Amino acid sequence: MKTTISQSPQFIEQTVTIGAWLANKRSSGKIAFLQLRDGTGFIQGVVVKNDVSEETFQLAKNMNQESSMYITGKIVEDNRSPFGYEMQVSNIELIHEANDYPITPKEHGTEFLMDHRHLWLRSKRQHAVMKIRNEIIRSTYQFFNDNGYVKIDPPILTGSSAEGTTELFHTKYFDEEAYLSQSGQLYMEAAAMAFGKVFSFGPTFRAEKSKTRRHLIEFWMIEPEMAFVDHNESLEIQEQYVSFVVQSVLENCKLELSVLERDTAKLEKIKAPFPRISYDHAIELLKEKGFDDIEWGEDFGAPHETAIAENFEQPVFITNYPAEIKAFYMKPDPDRSDVVLCADLIAPEGYGEIIGGSQRIDDLELMKERYEQHGLTGEAYEWYLELRKYGSVPHSGFGLGLERTVAWLSGVDHVRETIPFPRLLNRLYP
Ligand code: 4AD
């Protein structure tokens with residue numbers, strides 16, 4: 001019977017065969033302990049000299065790390081093993097003998113590991129982080145499908161920019177100039193006018209010269225957009241969505257969270273509603289905390305966000321930022337035109353901003369005015385203005401950065417470990 005490590009608890013006291021790699025090994029005289037992995041999980045295989053052929057025992061004792069095999073044995077319960085069961089090995093069929101695997105169980109520096117990312121992904125820790133990433137994606141689709149959203153795919157090659165022109169990756173589109181998408185938002189607004197509630201999930205590109213633990217050059221964003229939904233209603237959707245994802249990860253990634261030694265008590269508290277503070281209030285709070293230089297009208301950096309988040313156990317919305325420091329499409333507060341109806345959601349424990357969102361301008365004349373102020377001209381934007389010409393409605397949307405959310409829920413410090421092959425300021429390899 002051929003099975004996988006994750007399925008093997010269904011075969012207690014039965015003999016099965018698993019295709020596996022050798023993650024680690026130790027042996028003492030007449031017994032060898034093989035740490036096996038097959039992509040679905042990890043299990044210990046115990047090879048006892050007297051129970052197997054001499055050939056199998058020698059193979060088990062001498063096999064190198066990352067060699068591949070079909071391994072056969074009986075699955076038995078074992079409370080000492082972290083998974084609660086292990087394999088009593090009866091036979092090993094070697095598929096490929098690996099030699100000099102560069103990532104040994106000893107400590108390696110980060111640059112070395114990043115150079116070997118294609119192999120580093122096999123480690124228990126990286127495996128756990130990617131499984132959590134996968135659960136966030138799975139539960140995202142579940143949340144939006146269950147709530148009547150349609151998944152819409154905006155283009156990656158675009159002629160227009162959504163988030164300012166300084167961070168665009170330029171590329172040639174035959175004889176035209178094109179960019180890699182910074183955000184699918186403008187297209188998602190068109191989609192919301194066609195389907196009501198939509199969401200996208202795709203890669204985005206920012207030519208940001210930032211070298212911080214929160215910035216990637218290529219990252220993945222989930223961007224919902226909703227017609228007939230105002231700013232406050234959008235905040236409610238955001239807090240329900242984030243709570244749902246956190247609870248799904250707690251429920252379905254218990255093993256991974258324990259491998260990562262994540263403090264789950266902190267995550268268990270994450271439930272809607274989330275606190276909201278205005279940008280004005282955030283400035284006051286920062287001054288009280290000793291940030292004397294910050295002035296009204298300036299954007300927040302990572303230290304400011306961390307200081308604000310310290311006051312809360314839940315993620316916190318900072319709302320109504322000055323219009324000047326935010327994107328052209330955000331709707332001004334009807335009571336105060338110097339601020340816009342927007343919010344950033346700041347994760348607890350110093351993981352920073354995970355969502356940026358806003359209510360969008362729905363008035364054609366105001367949108368044209370904003371366009372001119374931002375120097376956005378040309379036919380690349382004509383279609384976007386037309387959305388305000390034919391049945392314009394109040395609408396809102398937001399973007400959640402997948403990698404920062406993975407970092408927060410996994411408890412890893414740097415976003416480079418939250419995406420399979422990170423693109424960083426100085427890294428395009430592997
Ligand atoms: O705040 P941002 O720039 O918002 C937008 O792009 C909007 N158009 C979204 C929308 O309303 N549809 O980015 C949204 C989120 C941030 O909160 C952050 O989590 C993530 O995307 N993000 C990054 N993640 C990793 N590396 C970077 N360089 C990031 N820039 C933004």
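Every value quoted in this text rests on a predicted model; they were computed, and no experiment measured them.

Parameters and conventions
Residues numbered from 1 in each chain as written. Predicted model: local features only at pLDDT ≥ 70, side-chain atom pairs only at ≥ 80, totals over all residues. Heavy atoms only, no water. Buried < 20%, exposed > 50% of the residue type's maximum accessible area, 1.4 Å probe, protein only. Helix = DSSP H or I, 4+ residues; strand = E, 2+ residues; numbered from the N terminus. Contact = heavy atoms within 4.5 Å. Arc of directions from axis to C-beta. Pairing = 2+ DSSP bridges. Axes fitted to C-alpha atoms, helices over the stretch in contact; angles between N-to-C directions. Domains from an automatic or database assignment. Buried area = accessible area lost by both parts, 1.4 Å probe. Salt bridge = Lys/Arg side-chain N within 4 Å of Asp/Glu carboxyl O. Polar contact = N/O pair within 3.5 Å; in protein donor to acceptor, adjacent residues only side chain to side chain. Nonpolar A, V, L, I, M, F, W, Y, C, P; charged D, E, K, R; others polar.

Novice: Explanation requested: helix α10 (residues 302-309) in the structure shown.
Specialist: Helical geometry: 3.6 residues make up each α-helical turn, so side chains three or four residues apart lie on a common side. By the burial criterion, the buried members of α10 are His304, Glu305, Ala307, Ile308 and Ala309. Lining the buried residues of α10 we find β13 (276-278), α9 (279-288), β14 (316-319), β17 (342-347) and β18 (352-359).

Novice: Could you clarify how one ought to interpret helix α1 (residues 54-62) in this entry?
Specialist: Those residues of α1 that sit buried are Thr56, Phe57 and Ala60. Projected down its long axis, α1 shows its buried positions confined to an angular sector of 100°, all on one face. Tucked into the core, α1 has its buried residues touching β2 (15-28), β3 (31-37), β4 (42-48) and β6 (85-96).

Novice: Would you mind showing me how to read the sheet that holds strand β7 (residues 150-151) here?
Specialist: Strand pairing in a sheet takes place through backbone hydrogen bonds and is either antiparallel or parallel in direction. Spatially, 8 strands are ordered β7-β11-β12-β19-β18-β17-β14-β13 in an open sheet, and the strand pairing comes out mixed. Looking along the sheet, the strands with just one partner apiece sit at the ends: β7 and β13. Pairing of strand β11 (residues 197-205) with strand β12 (residues 218-227), which is carried by 9 bridges, proceeds in the antiparallel orientation. By the bridge assignment for β12, Val198 is matched with Glu225. Along the sheet face, helix α5 (residues 185-195) touches β7, β11, β12 and β19 (395-401) and points at about 30° away from the line of β12. This element, α9, spans β13 and β14 of the sheet and lies at about 85° to β13.

Novice: So what exactly am I meant to see when it comes to the domain arrangement of the chain here?
Specialist: When the parts of a complex come together, some accessible area is lost, and that lost area is often used as the size of the interface. When its domains are assigned, the chain resolves into domain 1 (2-96) and domain 2 (117-417). Centre-to-centre separation of domain 1 and domain 2, based on C-alpha positions: 45 Å. The interface is formed by 7 residues belonging to domain 1 together with 6 residues belonging to domain 2. Each partner contributes to the roughly 580 Å² buried at the junction of domain 1 and domain 2, and carbon and sulfur atoms together form 60% of this total. On the domain 1 side of the contact with domain 2, Arg37, Phe42 and Phe83 bury the most area, a combined 61% of that side's loss. Along the contact surface separating domain 1 from domain 2 lie 1 salt bridge. Of the charged contacts, one joins Glu66 and Arg122 as a salt bridge, the two residues approaching to 2.8 Å between their closest N and O atoms. Seen at the junction of domain 1 and domain 2, the total is 2 residue pairs in polar contact (both at pLDDT 80 or more). Class assignment of the residues belonging to the side of domain 1 that touches domain 2 gives a composition of 2 nonpolar, 3 polar and 2 charged.

Novice: Help me out: how do you make sense of the environment of Lys287 in this one?
Specialist: Positionally, Lys287 belongs in helix α9. Residues Lys287 and Phe143, spaced 144 residues apart in sequence, show a C-alpha to C-alpha distance of 38 Å. Dropping the residues within four chain positions of it, Lys287 is found in contact with Asp292, Ile294 and Glu295.

Novice: So what exactly am I meant to see when it comes to unusual backbone geometry here?
Specialist: With the exception of glycine, most residues fall at negative phi, and the peptide bonds are largely trans. Here the bond from Ala272 into Pro273 is cis, since omega is 0°, no more than 30 degrees from zero. Relative to the assigned elements, Pro273 resides in the loop between α8 (264-268) and β13. Following Tyr429, the chain continues to Pro430 via a peptide bond in cis, the omega torsion being -5°. Along the polypeptide, Pro430 turns up in the segment after α13 (402-410). Non-glycine residue Glu261 carries a positive phi angle of around 55°.

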